[in-house]
Amino acid sequence: MKKLIISGLAMFMSLTSVMAQEETGIGNHLGWGVGFGTEGFNASIATDLTQYAELEFGVNYAPGFSRKSDGGVFYLPQGKDKYEYTKSSMDVKTSINRATLDFKGSVYPFATNENFTSDLFVSLGISFASKEIATIKGSCQANIPEDAAQNEQYYIRAGKFMLPIDHEGGKFVANGSCQVNSVRPYVGLGYGRLVPKNNLGFRVEAGCQFSGSVKVYHNDVEASLLSEKGRGLEDDSTPKKFMDFFSVYPVLKVSLRGKFF
């Protein structure tokens, strides 16, 4: 009986030691998270490295949306460096889609402190996505003289770019894509654990995703900038501001966090 008690105590102490190691070990817990924010809906899995650091792999998806507008038609006279307005317009549809994969690390500098303990964190990582963040499609009936279309190249304005217009079967069409870097650094800060200490927890995060300058492409060729040709057109416009917004994309997300084990 005495030996059994001693053996039981030894097993209990051994188990306690293992549990303590799991609490402070590397990758001994696996967490999950779901939420929403400026990147759309997000889901992720995470693991702890130490009490001061965690790793996360996640996916973000924002449902696509479209915006329709009227685009003014311009042309560049031969031998000149200034675009001229034709007084014609084109129906333009801009469609935006965002889906990204994240690989991030969070550091908790105040995880253990005799004077102050907090789940405040700093997050660093990289987001991966398609280069194309938006498509531009425009069309209009033959309100541009066909004989003129054969001699001059026509354009619609896309922010600070001039997107060429093609003449196809009696219609005038414009097709382009807005592209940024496919690998995008990220930095953020917030409050809450990726792997909560209890079974459930909440996390809020704010940061910036650095996507790089937005460029417009037509048939895989970068469209001309207003600064290159067409001096005299104002470069400050709502589409330009919209494009610049995606260069440094603000991230704000709220998520529910849970723990598998």
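Note that the structure is a prediction, hence the values are computed from the model and not measured.

Scoring rules and cut-offs
Residue numbering note: each chain is counted from 1, following its sequence as written. Given that this is a predicted model, residues contribute local features only at a pLDDT of at least 70 and side-chain atom pairs are listed and counted only at 80 or more, while totals for whole chains, interfaces and linings are drawn from all residues. Just so you know, side-chain values use all the structure's heavy atoms and leave hydrogens and water out. A score between 0 and 100, pLDDT records how confident the predictor is in each residue. Secondary structure follows DSSP: runs of H or I at least 4 residues long count as helices, runs of E at least 2 residues long count as strands, and numbering of each begins at the N terminus. Residues are treated as being in contact if the distance between any of their heavy atoms lies within 4.5 Å. To sort residues, take the accessible area from a 1.4 Å probe on protein chains only and compare it with the maximum for the residue type: under 20% means buried, over 50% means exposed, and anything in between is partly exposed. By convention a nonpolar core is built from buried Ala, Val, Leu, Ile, Met, Phe, Trp, Tyr and Cys residues, the set being connected through side-chain atoms within 4.5 Å. Identification of polar contacts relies on pairs of N or O atoms within 3.5 Å, with a donor-acceptor requirement for protein atoms, meaning one able to donate a hydrogen and the other able to accept it, and with residues adjacent in sequence counted only if both atoms are side-chain atoms. Pairing between two strands requires that DSSP report at least two bridges joining them.

With 76% of its residues at a pLDDT of at least 70, the chain reaches an overall mean of 79. Of all secondary-structure elements in the chain, the lowest mean pLDDT belongs to helix α1 (residues 2-24), at 41, while strand β11 (residues 183-191) reaches the highest, 96. Segment residues 1-22: pLDDT under 50, and 3 contacts once partners within four positions in sequence are set aside and those in other chains are kept.

Looking at where histidine 218 falls in the secondary structure, it is placed in strand β13 (residues 215-218). The exposure class assigned to histidine 218 is buried, which follows from its relative accessible area of 11%. Contacts of histidine 218, omitting those with residues within four sequence positions, involve Leu163, Pro164, Asp166 and Asn175.

Here we take up the environment of tyrosine 249. Examined against the element boundaries, tyrosine 249 turns out to sit in strand β16 (residues 248-259). C-alpha separation for the pair tyrosine 249 and arginine 184, spaced 65 residues apart in sequence, amounts to 9.9 Å. In this view, tyrosine 249 contacts Thr38, Glu39, Arg98, Gly207, Cys208, Gln209 and Ser211; residues no more than four positions away in its chain are not counted.

Once that is clear, we can look at the nonpolar core. Ranked by size, the top nonpolar core spans 25 residues in total, and within it Met90, Ile133, Ile156, Ile165, Cys178 and Val216 carry the most contacts. Mapped onto this core, the elements with two or more residues apiece are β4 (84-107), β6 (132-140), β7 (154-158), β8 (161-164), β10 (171-179) and β16. Among the elements that take part in this core, β6 stands out by supplying 4 residues, more than any other. With residues up to four places along the chain from it excluded, the contact list for methionine 90 reads Ser69, Asp70, Gly71, Val73, Gly138, Ser139, Cys140, Ile156, Ile165, Phe172, Val173 and Ala174. With 6 residues, the next largest nonpolar core counts Ala111, Phe121, Leu194 and Val195 among its residues.

Another point: the side chain of arginine 193. Within the element layout of this structure, arginine 193 appears in the loop between β11 and β12 (200-210). Given the relative accessible area of 10%, arginine 193 is considered buried. In this structure the side chain of arginine 193 is engaged in a polar contact, spanning 3.4 Å, whose partner is the side chain of aspartate 119. For arginine 193, the contacting residues outside a window of four places in its chain are Thr50, Gln51, Glu54, Tyr108, Ala111, Asp119, Arg203 and Arg257.

Burial of β11 is one-sided: the residues Arg184, Tyr186, Gly188 and Gly190 facing one way are buried, the residues Val183, Pro185, Val187, Leu189 and Tyr191 facing the other way are not. Across 9 bridges, strand β5 (residues 120-129) lies against β11 in antiparallel orientation. When the sheet's bridge partners are listed, isoleucine 126 is paired in β11 with proline 185. Of the strand pairs in this sheet, β11 and β12 are connected by 6 bridges, and their pairing is antiparallel. Bridging from a neighbouring strand, tyrosine 191 pairs with valine 204 of β12.

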